[in-house]
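Each chain, written out:
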Amino acid sequence: MADPQIDGYIRFQDDTIIDASDAFSAHSINRNVPSSQDYPNEIGSQSSLTRADNGVELTSPSDSYYDVDQHWEMNYHEAAIFLEEGKNNEKFDSHPREPDALPAYLLVHNRWYYGLDLTTSMVLLALALVEDPAVPLFELPVGVHGMIELIALIIIGAEVTLKLRWIGWSTILKHKRTMIKCITLAIMFVEALTVLVRQSSHFRVTRALRPIFLVDTRHLGGVRRCIRQILQSMPPIFDMLGLIFFFVSIYAILGYYLFSQMPNSTYFDTLFDSFVSMFVLLTTANFPDVMMPAYAVSKWYCLFFISYLCICLYILMNLMLAVVYETFTNIEREKFRKLLLHKRQACHHAFCLLTTKQNPMKMRFRQFEGLMRYFAPNKSIRDVLLMFKQLNTSNSGALTLDEFCNVYDAVAINWEVQYAHIPWFHSAWMPLQRLCQLMHNLVMWAHFESVVCAIVVCNGVSMVYRALESYPDLQSAATTFLASWDALLFLFLQVIEVAVKILGLGMSQYLHSGWNFCDLMVTSLGLLALLAIYLVPAFTYGVVVRPLRLLHLFKMKKRYRDIIGTLALLTPLMCSTAVVMLVLYYFFAIIGMELFEGYDMKNCCKGTAVEDFYRYSANETSALGYYYLNTFENLATSYVTLFELTVVNNWFIMMTGYASVVHPASRVYFILFYLTTMVVLTIVVASVLEAFRFRIQYKRHTSKRDEEKLLHEEIDLKWEEIQSWVQDFHVLEKLRSDLVVGGIATFVGVRSRNREILQKRMYRSEIDQWMRETPLMSDSPVTTCKH
């Protein structure tokens, strides 16, 4: 036998082959578990989780059957682990290689533990609401929140310990994310103990690192990919920022020598003030204020500021967006390539565990079904059969490695019985059939959609008329807008439209269209708003529901459909980006609270250009004097302050205020926050542009018919063919209700229209080239498969 430290997949010894004469007795012992009795002379590759240095010893035929069954079950389990690692883009060097490491791996890779890890991380983040400085409503004693923090860190530490159990301490340096998490965990654990012992908090800027634990959870894989893309886009951004800062510095020096001696000009008093003023001007927040003192002296000085904005803002900043867009496009393509090849390599590792010594290039249905019990446990035996048939393009009755590499796509398909031209109501009560057939014909009428749009337009005209009328109060206006005779009429027509479509198409086909789902939601909300205005007349906010009906008109124009389709493609990315922004806010909010909490901004900045913005009086108010509310006194107000800084309108007023009250170096905090958010938002804009361009190109090269073929699969299952695959009598009995005994049953599979599916279509020529350039079989000694 090969050295187990070199070859992770070692076949059983020849003496483990079971004699076929005992197959019946073994089958009678355990008929419900798919095992090697169906193929008594076929033994699979030995799992790295079940190997032993001294081989396998069998003491009796019954023990042989038991060991072989256990061997296959472990292979199924480990193969499913490989596929999970491929789907989650996890490195294969973190794969458990010893039997003792498997329990720790399975405990951590469990949906209940995923939920516990996510909940613990969110609790840890939420502690910022109850710690000093706390939101007054949620403030807790030091001992309470300190104990909660310690418990949360212990739970996270247990997960890290379990992970190190199977990846090993020696390989931790290869896992940068795990190493950073361990270091952060150790620092925060010591700090939490210190807080508990001292019973008081201290300067804890390291609390800003808590989002590391949240980002590392299994549910936030998209967020990690988003952060990775941001980091990969940083080199060209740094290059462009270097060029931009060069021009800012040049103009700052020139502005200092031009305007520092002018009266009433406080923007260029020193070189530092000049640089800050020109940097703020890059965001246009202080324009034209910064120009007016010089403009009052000479009209020609406007050329200085105009040329600066044209070069730095309109040329260089837009060039940075173009560079980031090009980089992001290449990153997206490379990310897709790497993930595709990584999944393909995972399929290879799993395939090695699911083939036999006698037939190492083919996978039978029995092994495929055993794999699906662990990898896709929610799939029925019928769905597993359909997946196997869909993958087996050669119709040989066994999967090759190339066929098996499409398993991820097969698992994502949802299968339904195809009734050909028989509608959903074919077996309903005869009067109901006639009604539904009438509704079906009405929906299929060529002018049905035009009639619906005409009704929506009339509804819009009615809304404009009602909105322009005069009303004694808001309640009367809301009641008239939602419950007048015309509003009730159009709402009734909405309900009729929805009912007609559901009866004519069936609920499943009706909800298949996103537009229909939107119509259903708007109609439901309209009924709720009508009910609310009758029961609670003061609830006037329901008026916003009726204008939503006009969304139906946007489906009439192709450009709107493309935009909405792009938004659908961008939904996962936008969710990940939103989490990244919240994490970024949390990081800067904690630092801001540690640096600026406790400073009173009322009537600050005496003698500065922003004095009026912080003027406060208990007896009178000013249109400008509310900036004292922008503080870092707790997490909630810090988030509001940071959002105002993100918008960059008058952000320099807050920066100048804190520079005046705390220290001039405080400007560094605000400038870093602006640069960070600007980088992230630039990448978000680039991602939106790339997604829109991708969709337009996809629509240009793909007809509606081609897209339907791409998203749908049709499979015929023959009963005789199924009998040759499935050897278990009980499984065949379960399939009788879904299949046509002695005949053919037809099924239709539907794929979700996601970005990955569309990318496979767009990059099909590149995919062929990638496959040729990257051999499927790995030469790595850890993953070599021998039979």
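Residues numbered from 1 in each chain as written. Predicted model: local features only at pLDDT ≥ 70, side-chain atom pairs only at ≥ 80, totals over all residues. Heavy atoms only, no water.

Before going further, it helps to spend a moment on the packing of helix H12 (residues 302–353) against helix H26 (residues 667–701). Their axes nearest at 8 Å, the elements H12 and H26 cross at an angle of 60 degrees. Regarding the angle of H12 to H26, the classification is oblique. Relative to H26, the crossing made by H12 is right-handed. Contacts from Met317, Met320, Leu321, Val324, Tyr325, Phe328, Thr329 and Glu332 of H12 reach H26 at Tyr674, Met678, Thr682, Ile683, Val685, Ala686, Ser687, Leu689, Glu690 and Arg693. Per-class residue counts for the contact of H12 with H26 are 12 nonpolar, three polar and three charged. (Axes fitted to C-alpha atoms, helices over the stretch in contact; angles between N-to-C directions. Helix = DSSP H or I, 4+ residues; strand = E, 2+ residues; numbered from the N terminus. Parallel < 35°, antiparallel > 145°, perpendicular 65-115°, else oblique. Left-handed = near helix turned anticlockwise from the far one by under 90°. Contact = heavy atoms within 4.5 Å. Nonpolar A, V, L, I, M, F, W, Y, C, P; charged D, E, K, R; others polar.)

This paragraph deals with the packing of aromatic side chains. Per the counting criterion, the structure on display carries 35 aromatic pairs. Judged by centre distance (5.5 Å) and plane angle (15 degrees), the ring pair of Phe259 and Phe305 falls under stacked. Taken together, the positions of Phe259 in helix H9 (residues 234–259) and Phe305 in helix H12 put the pair 46 residues apart, joining distant regions of the chain. Under the relative-accessibility criterion, Phe259 is labelled buried at 0%. The interplanar angle of 85 degrees and the centroid separation of 4.9 Å between the aromatic rings of Phe304 and Phe305 together place this pair among those described as edge-to-face. (Phe/Tyr/Trp six-rings, centres within 6.5 Å; stacked < 30°, edge-to-face > 60°. Buried < 20%, exposed > 50% of the residue type's maximum accessible area, 1.4 Å probe, protein only.)

Turning next to the nonpolar core. Ranked by internal contacts, the top residues of the largest apolar core, which has 91 residues, are Tyr614 and Trp651. Counting residues per element, this core draws most heavily on helix H23 (residues 558–596), which supplies 14 residues. Ignoring anything within four residues of it in the chain, the contact list for Tyr614 reads Met601, Lys602, Asn603, Cys604, Cys605, Tyr627, Tyr628, Ile653, Met654 and Gly657. Formed by 48 residues, the second largest nonpolar core is a distinct cluster that contains Tyr76, Ala410, Ile413 and Leu732. (Core = buried A, V, L, I, M, F, W, Y, C linked by side-chain atoms within 4.5 Å.)

The next thing to look at is the sheet that holds strand S4 (residues 712–718). Taking strand neighbours across the sheet as the criterion, the three strands line up as S3-S5-S4 in an open arrangement whose pairing is antiparallel. Edge positions in the open sheet fall to strand S3 (414–417) and S4, since each of these has one partner strand only. Taken pair by pair, the neighbouring strands of this sheet meet at an average axis angle of 30 degrees, ignoring direction. Where S3 lies against strand S5 (residues 744–750), four bridges are found, and the strand directions are antiparallel. Bridge pairing links Asn414 to Val750 in S5. Against the sheet, helix H14 (residues 381–391) touches S3, S4 and S5, its axis set at about 105 degrees to S4. (Pairing = 2+ DSSP bridges.)

Take the side chain of Lys555 next. You can see Lys555 is positioned in the loop between helix H22 (514–535) and H23. Given a relative accessible area of 17%, Lys555 falls into the buried group. If we ignore the near neighbours within four places in the chain, the residues touching Lys555 are Glu449, Trp515 and Arg561.

With that settled, consider helix H30 (residues 755–762). The element H30 is extensively covered by neighbouring structure, given that six of its eight residues are classed as buried. Buried residues of H30: Arg755, Ile757, Leu758, Gln759, Arg761 and Met762, and no others.

A grouping of Asp132, Glu139, Glu597 and Glu633 is seen on the molecular surface, where their side chains present a negatively charged patch. With respect to the helices, strands and loops of the structure, Glu633 is situated in the loop between H23 and helix H24 (635–647). (Patch = residues over 30% accessible without salt bridge, like charges linked within 9 Å, V, L, I, M, F, W, Y side chains within 5 Å. Areas by Shrake-Rupley, 256 points an atom, 1.4 Å probe, with all protein chains shown as cover. Salt bridge = Lys/Arg side-chain N within 4 Å of Asp/Glu carboxyl O. Lys, Arg positive; Asp, Glu negative; His and termini not counted. Charge placed at Lys NZ, Arg CZ, Asp CG, Glu CD.)

Going through the model one piece at a time under the given rule, you end up with 22 salt bridges. The closest approach of N and O atoms between Arg210 and Glu149, which form a salt bridge, is 3.2 Å. Note that Arg210 is positioned in the loop between helix H6 (176–198) and helix H7 (211–215) and Glu149 in helix H5 (residues 142–167), a separation of 61 residues in sequence. Residues Arg210 and Glu149 agree in their burial class; the two are buried. The partner of Lys181 in a salt bridge is Glu159, and the shortest N-O contact between them spans 3.0 Å. You can see Lys181 sitting in helix H6 and its partner Glu159 sitting in helix H5, a full 22 residues away along the chain.

In this section: unusual backbone geometry. Residue Pro133 is reached from Asp132 by a cis peptide bond, and omega for that bond is 0 degrees. A cis amide bond, omega 10 degrees, links Phe287 with the succeeding residue Pro288. When you line up the elements, Pro288 lands in the loop between helix H10 (271–282) and helix H11 (292–297). In the Ramachandran plot, Thr284 falls in the positive-phi region, its phi being about 65 degrees despite a non-glycine side chain. You will see that Val648, though not glycine, has its phi angle at about 65 degrees, which is positive. Mapped onto the secondary structure, Val648 falls in the loop between H24 and helix H25 (651–661).

For the chain, per-residue confidence averages 78 on the pLDDT scale, and 85% of positions sit at 70 or higher. For the stretch residues 1–41, pLDDT sits under 50, and the model shows 97 contacts to residues farther than four places along the chain or on other chains. Between residues 51–66, whose pLDDT stays under 50, and residues either more than four places distant or in other chains, the model counts 29 contacts. (pLDDT = per-residue confidence, 0-100.)

A rise of 1.5 Å per residue sets the reference length of H6, with its 23 residues, at 33 Å; its end C-alpha atoms lie 33 Å apart and thus fit the reference within 8%. Turning to H6, its buried residues number three or more, namely Thr178, Lys181, Cys182, Thr184, Leu185, Met188, Glu191, Ala192, Val195 and Leu196. Of the residues trailing H6, Gln199 is marked for its positive phi of about 55 degrees. (Expected span 1.5 Å × (residues − 1).)

The grouping of Leu525, Leu528, Leu548, Leu551, Phe554, Tyr560, Ile563, Ile564, Leu567 and Phe692 at the surface amounts to a nonpolar patch, some 820 Å² of accessible area in total. Where the nonpolar patch is concerned, the elements lending two or more residues are H22 and H23. No other element matches the four residues that H23 contributes to the nonpolar patch. Owing to a relative accessible area of 55%, Leu528 belongs among the exposed residues under this scheme.

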